[in-house]
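Overview (structure and organization)
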Amino acid sequence: MEHIAQIIFYINLACIMTHELDAIHHHEWRILPLTSWMNEVWGYRVFVMAHIPLFATLMATSHVRGMQIAVDVFLLIHVGLHWLFRNDPENTFNNRLSNLLIIGVIPFASGHLVLISMI
């Protein structure tokens, strides 16, 4: 069961990282409160560069149970944040692929949380 939990967690990581690729296409920095005030060039740069330490930390700590729980919880909150910002005029995540990457983590993050609570 632990092996299955690991696979599900890696699916979660793959989904959020792929979503972030999609987020570059959709100029997500225009929506985020920390970058929405920046001009296009700086918003893009800050958004992209912020993902280097983020992804490095995620990969380096992916084996830590507490980090896995934090990622699962973040993914569920992340879905809520996208719902909250769904009417923002800068939000262009309005296609099936984008929605699949955002909403599709719900069963995986929830399932992973359930599985690791049983281990």
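One structure accompanies this document, and this report is about it. Since the structure is predicted, the reported quantities are computational estimates derived from the model, not experimental observations.

Focus on helix H2 (residues 40–60)
Here H2 spans 31 Å end to end across 21 residues, near enough to the 30 Å set by a 1.5 Å rise per residue. Listed as buried for H2 are Gly43, Phe47, His51, Phe55 and Leu58. Buried residues along H2 sit in contact with helix H1 (2–25) and helix H3 (65–84). N-cap assignment for H2: the residue whose side-chain oxygen lies 3.0 Å from the backbone N of valine 41 is asparagine 39.

Thoughts on the packing of H1 against helix H4 (residues 96–103)
At a minimum axis distance of 9 Å, the contact between H1 and H4 shows a crossing angle of 145°. For the pair H1 and H4, the crossing hand works out as left-handed. Residues Cys15, Thr18, His19 and Asp22 of H1 form the contact with H4, whose participating residues are Ser98, Leu101 and Ile102. Classifying every residue of the contact of H1 with H4 gives three nonpolar, three polar and one charged.

Notes on the nonpolar core
Within the largest apolar cluster, 17 residues are counted, with the highest numbers of intra-cluster contacts made by Leu13, Leu58, Val71, Leu75, Phe93 and Val105. In terms of residue count, the dominant contributor to this core is H1 (five residues). Apart from residues lying up to four places away in sequence, valine 105 is in contact with Asn12, Cys15, Leu75, Val79, Leu100 and Ser110.

With respect to unusual backbone geometry
Comment: phi is negative for the bulk of residues other than glycine, and the bulk of peptide bonds are trans. Of note, histidine 27 is a non-glycine position whose phi angle comes to about 55°, a positive value. Note that histidine 27 resides in the loop between H1 and H2.

Some details on the layout of surface pockets
Size it by volume and the largest pocket reaches roughly 640 Å³. As for the largest pocket, its lining consists of 25 residues, of which Glu20, Leu32, Leu54, Phe74 and His78 are closest to the centre. Listed by contribution, the elements that provide at least two residues to the lining of the largest pocket are H1, H2 and H3. Here the element with the most residues in the lining of the largest pocket is H3; it accounts for eight residues. Classifying every residue of the lining of the largest pocket gives 18 nonpolar, five polar and two charged.

With respect to the environment of alanine 23
Turning to its location among the elements, alanine 23 is positioned in helix H1. Filtering out sequence-adjacent residues up to four positions away, alanine 23 remains in contact with Glu28, Trp29, Phe47 and Phe93.

Quick word on the packing of aromatic side chains
Tallying each qualifying case throughout the model produces three aromatic pairs. Taken together, a centroid distance of 5.4 Å and an interplanar angle of 70° make the contact between tryptophan 29 and tyrosine 44 edge-to-face. With tryptophan 29 in the loop between H1 and H2 and tyrosine 44 in helix H2, the pair connects residues that are 15 residues apart, well separated along the chain. Classification of tryptophan 29 by relative accessible area gives buried; the value is 3%. Among the aromatic residues, those joined into a ring-pair cluster are Trp29, Tyr44 and Phe47. The ring of tryptophan 42 carries arginine 45 above its face, with NZ or CZ at 5.0 Å from the centroid.

What counts, and where the lines are drawn
- Each residue is numbered by its place in its chain's sequence as written, counting from 1.
- Local features in this predicted model are restricted to residues whose pLDDT is 70 or higher, and side-chain atom pairs enter the listing and the counts only when it is 80 or higher, whereas totals over whole chains, interfaces and linings include all residues.
- As a convention, hydrogens and water are excluded, and side-chain values are obtained from all of the structure's heavy atoms.
- Put simply, DSSP H or I for four residues or longer makes a helix, DSSP E for two residues or longer makes a strand, and each gets a number counted from the N terminus.
- The span one expects for a helix is its residue count, reduced by one, times 1.5 Å.
- The buried label goes to any residue with under 20% of its type's maximum accessible area, the exposed label to any with over 50%, and the partly exposed label to all in between, with areas taken from a 1.4 Å probe on protein chains only.
- Contact between two residues is taken to exist if any of their heavy atoms lie within 4.5 Å; hydrogens are not considered.
- In protein, a polar contact means a hydrogen-donor-capable atom and an acceptor-capable atom, both N or O and within 3.5 Å, with residues adjacent in sequence counting only if both atoms are side-chain atoms; elsewhere, any N or O pair within 3.5 Å suffices.
- The angle between two axes is taken between their N-to-C directions and runs from 0 to 180 degrees, where each axis is a line fitted to C-alpha atoms and a helix contributes only its stretch in contact.
- Crossing handedness: left-handed means the near helix sits turned counterclockwise from the far one by under a right angle, and right-handed means the same turn made clockwise.
- In the scheme used here, Gly and all other residues not listed as nonpolar or charged are polar, with Ala, Val, Leu, Ile, Met, Phe, Trp, Tyr, Cys and Pro taken as nonpolar and Asp, Glu, Lys and Arg as charged.
- To form a nonpolar core, buried Ala, Val, Leu, Ile, Met, Phe, Trp, Tyr and Cys residues must be joined to one another through side-chain atoms within 4.5 Å.
- A 1.4 Å probe that fits into a set of points on a 1 Å grid over the protein atoms alone but cannot get out defines a cavity; an open set with protein on both sides within 12 Å along at least five of seven lines defines a pocket, and lining residues are those with an atom within 4 Å of a point.
- Grid points are joined across faces, edges and corners, and a volume is the space filled by probe spheres set on the points.
- Here a pair means two rings of Phe, Tyr or Trp (six-membered ring of Trp) with centres within 6.5 Å. Their orientation is stacked below 30 degrees between planes, edge-to-face above 60, and tilted elsewhere.
- Our definition puts a charge over a ring when NZ of Lys or CZ of Arg is within 6 Å of the ring centre and also within 35 degrees of the ring normal.

Functional significance is not addressed by these values, which are geometric in nature.
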